[in-house]
Amino acid sequence: MYKDLFRHSLRALSRQKSYVLINILGLATGIACSLIIALFVIHELSYDEYHVKKDRIFRIILNGKISGQEIRVTSTCAPLGPTMKAEFPEVENFLRINNWGETIIRSEEKFFTEEHFMEADSGFFDFFSIPLIRGSKENVLNQKHTVVLSETTARKIFGDADPVNKMLKVGNDSSLYRVTGIFADIPETTHFDANMIGSFMTNPRAGDEEWLSNSFSTYILLKPNASAASVDAKFSGLIVKYVGPLVTKYLGLSLKDFLAQGNKYRMFLQPLSSVHLDPTIQQDLKPASDPKYLWIFGSIALLIILIAAINFMNLSTAQASRRAKEIGIKKVSGSSRGNLISQFITETVLLSFISLLVAIMITELTLPTFNKLLDIKLNIGYFTQWYTIPSLLVLTLAVGFLAGSYPAFYMSSFNPYVVLKGKLRSSRASVNLRSALVVLQFSISIVLIVGTLIMFRQISFMLKKDLGFNKENVLVIRRADAIGNHIADFKAALLRIPGVLKVAASTAVPNHSNNNNGYMIKDRPDETFLMQTNWVDYDYLETYGLKLESGRFFDKKNSTDVNACIINQEAVKDFNLIRPFETRIIRGGNDDNERTLVPVIGVVRDFHFESLHSEIVPHVMMFKNEDNQWGYFSVRLAPSVGKATLSEIEKTWGSFTSNDPMQFFFMDKDVEQMYRAEKQNASLSIVFTIMAILIASLGLYGLTAFTVQQRTREIGIRKTFGASVSKIWFLIAREIIVLIIISMAIAVPLVYLVADNFLNNYHYRVSIGAGDFVSGFVIAVVIAMATISYRSIRVALINPADSLRYE
């Protein structure tokens with residue numbers, strides 16, 4: 001029975017070559033797009049899933065709020081982990097991580113730039129399931145100045161030689177590090193990158209007992225069956241015990257009074273499984289992904305499959321009359337309606353399986369391009385994941401049944417008497433259904449088109465917005481501390497290079513904030529104020545093109561300026577500083593004798609120190625003297641400089657640092673890099689939107705072909721009575737235009753809700769305008785007209801005599 005059903009289905013399909021080809025192209029493209037999106041979503045959801053103890057690993061998040069400014073960060077203090085292990089019976093172990101980022105490594109006379117260096121406690125390999133190829137997990141990081149290397153990094157530095165017990169110079173540390181082990185390269189689906197891991201106990205602050213100095217990521221491993229909720233409940237007591245006395249010491253208020261002012265200081269546990277998909281938490285490891293994009297792309301995948309299925313339904317019902325006699329004969333010969341339904345669904349499933357094979361070929365051909373675009377490594381993994389092949393089969397069957405069910409029930413309902421007499425005509429209901437399906441297709445297409453246009457406008461807005469500083473032609477040099485106390489000499493040497501206009505030293509630069517400090521203001525003893533803090537020298541204002549709103553910047557002619565500060569307009573507004581130049585900010589100190597009164601001498605116009613995802617917050621610039629050596633050098637270059645100038649800067653750096661490699665970036669490129677994820681996602685959106693439109697166009701092309709075929713005699717009669725080609729084209733096109741207008745009416749409220757929700761993630765955003773919807777409508781109409789024009793004009797050019805003989 002099933003063998004006969006399969007044979008009849010193949011024979012039926014072989015007689016409908018153009019219909020089969022269009023459907024295979026549509027279904028294959030839809031399945032390929034959905035498959036690529038599914039691979040991307042699975043990749044994002046699989047972060048840290050390979051860790052054996054993942055359900056017992058939690059990261060500690062600090063949630064603070066001062067003067068209305070709230071932060072959620074992974075930065076915690078050094079004593080937190082050891083204290084929790086000692087005082088919380090639920091905690092089995094703790095782990096602290098300090099991410100160095102890009103670091104210079106020296107092996108004998110060779111230098112290497114390592115992008116991913118971190119410090120970690122000795123429990124690192126007990127927490128995370130990263131295999132050690134050499135060394136034991138208990139010993140590799142349990143001594144100062146020890147380091148373990150990834151397999152790739154070990155080969156890069158030492159080649160085929162055994163690296164264990166070899167010595168390396170790391171950064172500016174005067175002591176050499178001993179290599180104690182090699183670990184397998186960390187999988188891409190891990191929430192951190194590390195090619196070299198140094199022992200945390202090497203860090204001079206490893207034994208620090210300062211509870212308000214938050215600089216490290218802290219993880220805890222709970223004992224089996226321990227409750228995370230019970231640990232969360234104990235944080236308040238821990239804060240009262242250890243943080244409360246410090247709040248009183250530094251701010252002169254009790255913790256209770258501090259919190260009563262609307263401030264906040266709390267901690268909570270974040271499960272390892274949610275680390276990668278929570279962008280609301282600031283972290284210095286790998287950036288988190290925004291789950292809204294997974295919902296967006298998951299929805300796009302379903303919509304593309306739906307469009308492909310609608311194509312099949314439309315084409316099947318439109319050409320039903322061509323199979324009417326076949327259906328009539330089979331019914332007269334004794335075939336039941338159930339038999340016909342089974343045959344039609346089998347045909348659809350066969351088409352779906354053929355489409356799957358074509359889709360897999362399309363996917364394999366295009367995956368390298370998507371991997372390059374997203375900078376990830378997607379692969380189908382037919383046999384490496386147990387669910388891959390079953391999922392593909394289920395998808396194929398689902399598409400087959402979704403696309404084939406209605407046509408099967410529709411065509412199997414034909415009356416054999418009517419169809420064998422040649423009296424079958426498309427019912428008004430079936431015509432209306434096809435129109436409704438076309439409306440649904442174009443509603444989806446317009447939503448995707450307009451949504452993608454708005455996404456691109458937002459990205460363009462972020463890249464072109466005036467940031468309040470001049471990001472062009474600024475070279476930023478990292479590791480300013482490598483210069484030591486020769487900052488002035490280094491700056492003077494750089495300024496002698498042709499093409500170098502200005503040089504500034506600072507502890508932070510835009511997009512690289514590293515200090516948020518609490519302050520008090522004289523004569524306002526019951527208030528605390530949180531400000532981004534940057535220590536800068538005399539040349540910072542001009543190097544970055546910042547604008548003074550009032551007052552002055554640090555001036556060498558005024559010796560007292562080294563003890564003053566500059567604030568931004570937001571600080572004046574947020575702190576209600578009516579007379580800012582009479583304001584004295586209270587900085588540091590354990591008591592009145594150690595606190596410093598810092599006068600405000602200038603107010604700069606607001607500028608974006610962080611990405612446009614965040615609003616501008618109060619910002620203070622303190623004076624940076626030569627004793628404060630860490631941070632950055634910012635070099636303003638003439639617009640026309642080339643590689644020769646950069647080469648001279650590198651030589652000058654080398655002469656001051658014993659030929660250490662210079663680590664640098666250009667500020668304009670760095671700003672672009674901040675929005676890399678948005679650009680990637682927007683590029684993905686436009687690719688899949690084009691694919692959705694292509695699939696819809698294939699269906700519309702096929703539907704037009706069948707429509708004009710049915711109306712060939714009508715068109716011949718119209719031409720006989722003088723109808724021009726343009727009138728005949730418009731006769732067919734106007735129906736489509738009406739359907740697109742209806743689609744637009746449906747799409748507008750949907751896309752407005754989706755786009756507005758998307759834009760709410762940005763503090764600085766574009767507004768949704770009528771132009772977005774008009775553009776979407778015009779694009780949809782142009783695509784539709786281009787799709788139907790070939791068939792419409794071709795039939796309009798046929799000799800009326802031939803048209804009238806058409807049966």
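Residues numbered from 1 in each chain as written. Predicted model: local features only at pLDDT ≥ 70, side-chain atom pairs only at ≥ 80, totals over all residues. Heavy atoms only, no water.

(A) Spatial organisation of a nonpolar patch on the surface. Taken together, the side chains of Val-738, Ile-742, Ile-746 and Leu-750 make up a nonpolar region of the molecular surface, amounting to roughly 320 Å² of accessible area. Take Ile-746: it is sitting in helix H22 (residues 725-759). What makes Ile-746 partly exposed here is its relative accessible area of 40%. (Patch = residues over 30% accessible without salt bridge, like charges linked within 9 Å, V, L, I, M, F, W, Y side chains within 5 Å. Areas by Shrake-Rupley, 256 points an atom, 1.4 Å probe, with all protein chains shown as cover. Salt bridge = Lys/Arg side-chain N within 4 Å of Asp/Glu carboxyl O. Helix = DSSP H or I, 4+ residues; strand = E, 2+ residues; numbered from the N terminus. Buried < 20%, exposed > 50% of the residue type's maximum accessible area, 1.4 Å probe, protein only.)

(B) Quick look at unusual backbone geometry. In this structure, Asp-48 takes a positive phi of about 65 degrees despite not being glycine. Summarising the element assignment, Asp-48 is placed in the loop between helix H2 (17-45) and strand E1 (57-66). Of note in the backbone geometry, Asn-473 takes a positive phi value of approximately 60 degrees without being a glycine. The residue Asn-473 is located in the loop between helix H14 (428-464) and strand E13 (474-477) in this model.

(C) Just the pairing of strand E21 (residues 619-623), in detail. Judged by how many residues are buried, E21 sits mostly within the fold: 5 of 5 residues are covered. Of the two faces of E21, the one carrying His-619, Met-621 and Phe-623 and the one carrying Val-620 and Met-622 are both buried. Sheet topology note: the strand E16 (residues 524-536)/E21 ladder contains 5 bridges and is parallel. Bridging across to E21, Trp-535 finds its partner in Met-622. The pairing of strand E18 (residues 565-568) with E21 spans 3 bridges and is classified as antiparallel. Each residue of the ladder has a partner; that of Cys-565, found in E21, is Met-622. (Pairing = 2+ DSSP bridges.)

(D) Up close: the pattern of salt bridges. All told, the structure shown has 25 salt bridges when counted by the stated rule. Glu-648 serves as the salt-bridge partner of Lys-651, at 3.7 Å between the closest nitrogen and oxygen. Residue Lys-651 and its partner Glu-648 are located together in helix H18 (residues 643-656), separated by 3 residues, close to a single helical turn. Glu-648 sits in the partly exposed class, given a relative accessible area of 35%. One salt-bridge network, in which partners are shared between bridges, spans Lys-53, Asp-126 and Lys-137.

(E) How the structure looks around the side chain of Glu-90. You can see Glu-90 is positioned in the loop between helix H3 (80-87) and strand E4 (91-107). Exposure remark for Glu-90: the relative accessible area of 13% places this residue in the buried category. Here the side chain of Glu-90 touches Lys-234 through a polar contact of 2.9 Å, side chain to side chain. Setting aside residues up to four positions removed in sequence, Glu-90 forms contacts with Leu-221, Leu-222, Lys-223, Ala-226, Ser-230, Val-231 and Lys-234. (Polar contact = N/O pair within 3.5 Å; in protein donor to acceptor, adjacent residues only side chain to side chain. Contact = heavy atoms within 4.5 Å.)

(F) Structural detail: the side chain of Thr-363. Relative to the assigned elements, Thr-363 resides in helix H11 (residues 337-374). Of the residues examined, Thr-363 reaches a relative accessible area of 0% and is grouped as buried. Apart from residues lying up to four places away in sequence, Thr-363 is in contact with Ala-32, Leu-35, Ile-36 and Ile-380.

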